[in-house]
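# Close look at the chain arrangement
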Amino acid sequence: GAIVNLDSRRDLENLTRIAAAHSAKQINVGIRCSFELEGAYSRFGLVTDGDDFAAVVAGVRELSNVTLAGLHCHFPFRALESFRVRATR
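A brief structural summary. Given the structure is predicted, the values throughout are model-derived calculations rather than measurements. (Residues numbered from 1 in each chain as written. Predicted model: local features only at pLDDT ≥ 70, side-chain atom pairs only at ≥ 80, totals over all residues. Heavy atoms only, no water.)

Of the regular secondary structure elements, the protein chain holds 3 helices and 4 strands. The secondary structure elements of the protein chain, listed N-terminal to C-terminal, are β-α-β-β-α-β-α. Dimensions of the protein chain, computed from the C-alpha atoms along their principal axes, are close to 40 × 25 × 20 Å. Taking all 89 residues of the protein chain together, 29% fall into the buried category. Taking the contacts inside the protein chain whose residues are at least 6 apart along the sequence as the reference set, 70% of them involve residues at least 24 apart. In the form shown here, the protein chain has an accessible surface area of approximately 5,800 Å², with 52% of it arising from carbon and sulfur atoms. For the protein chain, the separation between the mean place of its 11 positive charges and that of its 10 negative charges on side chains is 7 Å. (Helix = DSSP H or I, 4+ residues; strand = E, 2+ residues; numbered from the N terminus. Buried < 20%, exposed > 50% of the residue type's maximum accessible area, 1.4 Å probe, protein only. Contact = heavy atoms within 4.5 Å. Areas by Shrake-Rupley, 256 points an atom, 1.4 Å probe, with all protein chains shown as cover. Lys, Arg positive; Asp, Glu negative; His and termini not counted. Charge placed at Lys NZ, Arg CZ, Asp CG, Glu CD.)

Turning next to the packing of helix H1 (residues 9-21) against helix H2 (residues 51-62). One way to put it is that H1 packs onto H2 with a least axis distance of 9 Å and a crossing angle of 15°. The angle between the axes of H1 and H2 places the two elements in the roughly parallel class. Handedness of the crossing formed by H1 with H2: left-handed. Contact residues: H1 offers Arg-9, Leu-12 and Leu-15, while H2 offers Asp-51, Asp-52, Ala-55, Val-56, Gly-59 and Val-60. Considering only residue class, the contact of H1 with H2 consists of 5 nonpolar, 1 polar and 3 charged. (Axes fitted to C-alpha atoms, helices over the stretch in contact; angles between N-to-C directions. Parallel < 35°, antiparallel > 145°, perpendicular 65-115°, else oblique. Left-handed = near helix turned anticlockwise from the far one by under 90°. Nonpolar A, V, L, I, M, F, W, Y, C, P; charged D, E, K, R; others polar.)

It is worth spelling out the environment of Phe-35 at this point. Tracing the sequence through the fold places Phe-35 in the loop between strand S2 (27-34) and strand S3 (46-47). Here Phe-35 falls in the buried class, since its relative accessible area comes to 7%. Along the backbone, Phe-35 and Leu-46 are 11 residues apart, and their C-alpha atoms lie at a distance of 8.2 Å.

Below, the discussion takes up the nonpolar core. Membership of the largest hydrophobic core comes to 17 residues, with the highest contact counts inside it found for Leu-15, Val-29, Val-56, Val-60 and Val-66. Residue assignment for this core shows that the elements contributing at least two residues are H1, S2 and H2. In this view, Leu-15 contacts Leu-6, Ile-27, Val-29, Val-60, Leu-63 and Val-66; residues no more than four positions away in its chain are not counted. (Core = buried A, V, L, I, M, F, W, Y, C linked by side-chain atoms within 4.5 Å.)

Once that is clear, we can look at the pattern of salt bridges. The full count for this structure, using the stated rule, is 2 salt bridges. A salt bridge links Arg-32 to Asp-7; the shortest N-O distance between them is 3.4 Å. Of this pair, Arg-32 sits in strand S2 while Asp-7 sits in the loop between strand S1 (3-6) and H1; the two residues are 25 residues apart in sequence, bridging distant segments of the chain. Take Asp-7: its relative accessible area is 25%, and that puts it in the partly exposed class. Arg-9 is paired through a salt bridge with Asp-52; the nearest N and O atoms lie 2.5 Å apart. With Arg-9 in helix H1 and Asp-52 in helix H2, this pair connects stretches of sequence that are 43 residues apart. Relative accessible area serves as the criterion here: at 38%, Arg-9 is assigned to the partly exposed category. By relative accessible area, which is 37% here, Asp-52 ends up partly exposed. (Salt bridge = Lys/Arg side-chain N within 4 Å of Asp/Glu carboxyl O.)

Rendered as C-alpha cells:
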C-alpha cells in the first residue's frame, strides 16, 4: 500500500521489471521533481523540463498496473508562498 517515489530512469527500469513480475498487483508511485525555485533546485528528483522527467512520466503511463499517485519535491524553503509556487509548477 506504500507509494514509492521514482527519481531516475534506473528507477523506472526497476519498476518496469517489478510490474511485469507482479502483473496482478496494483502499484502506486510518485515522481520526485526538481525545478528552479528561488535560485535553487530540489535536492532530489528529475528536472521537470528535462528529457528524463518526460521519459519517466511516459514510462509510468505505459504500465497497466502502475498508477502515478503523486509528485514530490524537496526544497528548504518554508514560507507559505513557496508552497503555492511548488503546487503551481
